[in-house]
Amino acid sequence: MIKAFAPATVSNVAVGFDIMGFPMEAPGDEVVIKLGKAPGVTISKITKGKGLSYDPIKNTAGVAVLKMMEYLGISNQSIDIEIRKKMPFGTGIGSSAASAVAAVVALNHYLDAKLSKQELLPFAMAGESVASGAWHGDNVIPSMMGGIILIRDNATLDFTKLYVPSGLRYVVILPPIQILTSDSRSILSDQVTLKQMIAQTGNAATLVAALYSSDFNKISRCLQDVIIEPQRSHLIPKFDKMKQKALELGALGFSISGSGPSMFALCSNTFASDNIVEAAKELYGKDRHGRDAAKVYQAPINLEGAEVC
Ligand code: HSE
């Protein structure tokens with residue numbers, strides 16, 4: 001029996017729609033692979049995954065495993081999958097990607113297939129695309145590889161792991177609603193103006209340069225999404241207020257995490273991140289059980305990605 005962990009991810013990073021992402025320290029999904037009782041692939045248990053399918057061909061982890069077995073030419077082997085969800089899906093932190101990534105990392109070790117993390121990516125991508133209905137690696141690649149990932153081309157998974165300045169950390173806020181990626185993508189216009197294109201490429205390209213020079217002021221000027229955030233932010237309760245508060249409290253930037261409703265801030269110190277965490281808890285208040293209505297996480301960017309645990 002082999003268990004693997006794959007972290008949640010913040011994709012888009014404000015200016016890199018479908019082409020940038022980084023993993024969180026926690027939460028992350030765990031997948032256990034063990035010998036199955038029947039030939040082929042079965043999913044015997046899903047913890048905290050209400051609504052997720054036990055049918056391998058409709059489940060992100062199941063599809064990822066099936067694709068990898070097909071590649072290895074071992075479709076008849078009995079493989080059982082147990083998925084331990086540690087995060088809700090439909091929240092914009094790459095839940096389906098994490099399950100798919102953890103599944104192939106575990107299977108790789110279980111079979112002693114010795115594929116590199118990079119070689120495992122296409123299988124996890126195939127799994128994740130079942131949930132998102134699209135082929136973008138901005139959750140799968142950072143979850144697998146760790147660090148801040150920049151994708152040149154999603155079709156060929158041509159990506160670069162960027163330099164992460166020391167001290168850079170995130171705050172991620174999950175408000176108590178769900179938005180499916182497929183819905184959140186369907187509202188996006190497929191047109192951008194020349195003016196928007198110039199602003200977004202200037203910000204995205206300069207963000208990369210600013211990471212390499214650890215120039216936090218420049219990073220801050222770059223974290224402005226003029227294309228996607230204006231189309232999606234109305235779906236997220238109290239987005240504008242939370243953004244204003246985070247920037248006042250010293251966030252380098254603030255935007256939507258992935259397809260939302262999660263939001264993220266990047267910070268250069270724990271003074272700012274601690275204050276943003278408190279402000280988020282206060283703004284979203286308590287639920288009917290008296291618990292914080294929003295889940296809030298902060299940590300340095302995860303540089304390792306998925307691992308056997
Ligand atoms: N880049 C994707 C989107 C990420 O924003 O739709 C989805 O998690």
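As shown above, the structure is provided for reference.
Residues numbered from 1 in each chain as written. Predicted model: local features only at pLDDT ≥ 70, side-chain atom pairs only at ≥ 80, totals over all residues. Heavy atoms only, no water.

J.: Give me the lowdown on the packing of helix 1 (residues 60–72) against helix 2 (residues 95–110), citing residues and values where you can.
T.: Across the interface, helix 1 lies against helix 2 with an axial gap of 8 Å and an inter-helix angle of 35 degrees. The crossing of helix 1 and helix 2 is right-handed. Facing T60, A61, A64, V65, M68 and M69 of helix 1, the residues of helix 2 in contact are S96, S99, A100, A103, V104, L107 and N108. Tallied by class, the residues present in the contact of helix 1 with helix 2 amount to nine nonpolar, four polar and no charged. (Axes fitted to C-alpha atoms, helices over the stretch in contact; angles between N-to-C directions. Helix = DSSP H or I, 4+ residues; strand = E, 2+ residues; numbered from the N terminus. Left-handed = near helix turned anticlockwise from the far one by under 90°. Contact = heavy atoms within 4.5 Å. Nonpolar A, V, L, I, M, F, W, Y, C, P; charged D, E, K, R; others polar.)

J.: Provide a residue-level description of the packing of aromatic side chains, including the pertinent values.
T.: Overall, the coordinates contain five aromatic pairs when judged by the stated rule. Look at Y163 and Y212: their rings are 6.0 Å apart centre to centre, the planes differ by 35 degrees, and that puts the pair in the tilted class. With Y163 in the loop between strand 6 (158–162) and strand 7 (169–174) and Y212 in helix 6 (residues 194–212), the pair connects residues that are 49 residues apart, well separated along the chain. For the ring pair F239 and F254, a centre distance of 5.7 Å and an interplane angle of 50 degrees mean the geometry is tilted. Here the residue F239 occupies a position in helix 9 (residues 239–248), and F254 occupies one in strand 8 (residues 253–256), the gap between them amounting to 15 residues. F254 carries the same exposure label as F239, and that label is buried. (Phe/Tyr/Trp six-rings, centres within 6.5 Å; stacked < 30°, edge-to-face > 60°. Buried < 20%, exposed > 50% of the residue type's maximum accessible area, 1.4 Å probe, protein only.)

J.: For the site of the ligand, give the residues involved together with the corresponding values.
T.: In the vicinity of the ligand, the contacting residues are S11, N12, F17, D18, H136, D138, N139, T181, R185, R232, G258 and S259. Here a nitrogen atom of the ligand and a side-chain polar atom of D138 are 2.6 Å apart. Burial of the ligand by the surrounding chains reaches 98%, relative to a free accessible area of 260 Å². Partitioning the shell around the ligand into residue classes produces one nonpolar, seven polar and four charged. Shared between two domains, the shell around the ligand takes at least three residues from each, and those domains are domain 1 (2–162) and domain 2 (169–300). (Near = heavy atom within 4 Å. Polar contact = N/O pair within 3.5 Å; in protein donor to acceptor, adjacent residues only side chain to side chain. Areas by Shrake-Rupley, 256 points an atom, 1.4 Å probe, with all protein chains shown as cover. Domains from an automatic or database assignment.)

J.: How would you sum up the nonpolar core? Please name residues and give values.
T.: If you look at the biggest cluster of nonpolar residues, it comprises 71 residues, and the most contacted ones within it are F22, V65, I81, I148, Y170 and L266. Looking at which element gives the most residues to this core, the answer is helix 2, with ten residues. When residues of this core are sorted by domain, at least three fall in each of domain 1 (2–162) and domain 2 (169–300). Once you skip the residues sitting within four places of it in the chain, I148 turns out to touch M20, G21, F22, T160, K161, L162, V164, L168, L211 and I301. (Core = buried A, V, L, I, M, F, W, Y, C linked by side-chain atoms within 4.5 Å.)

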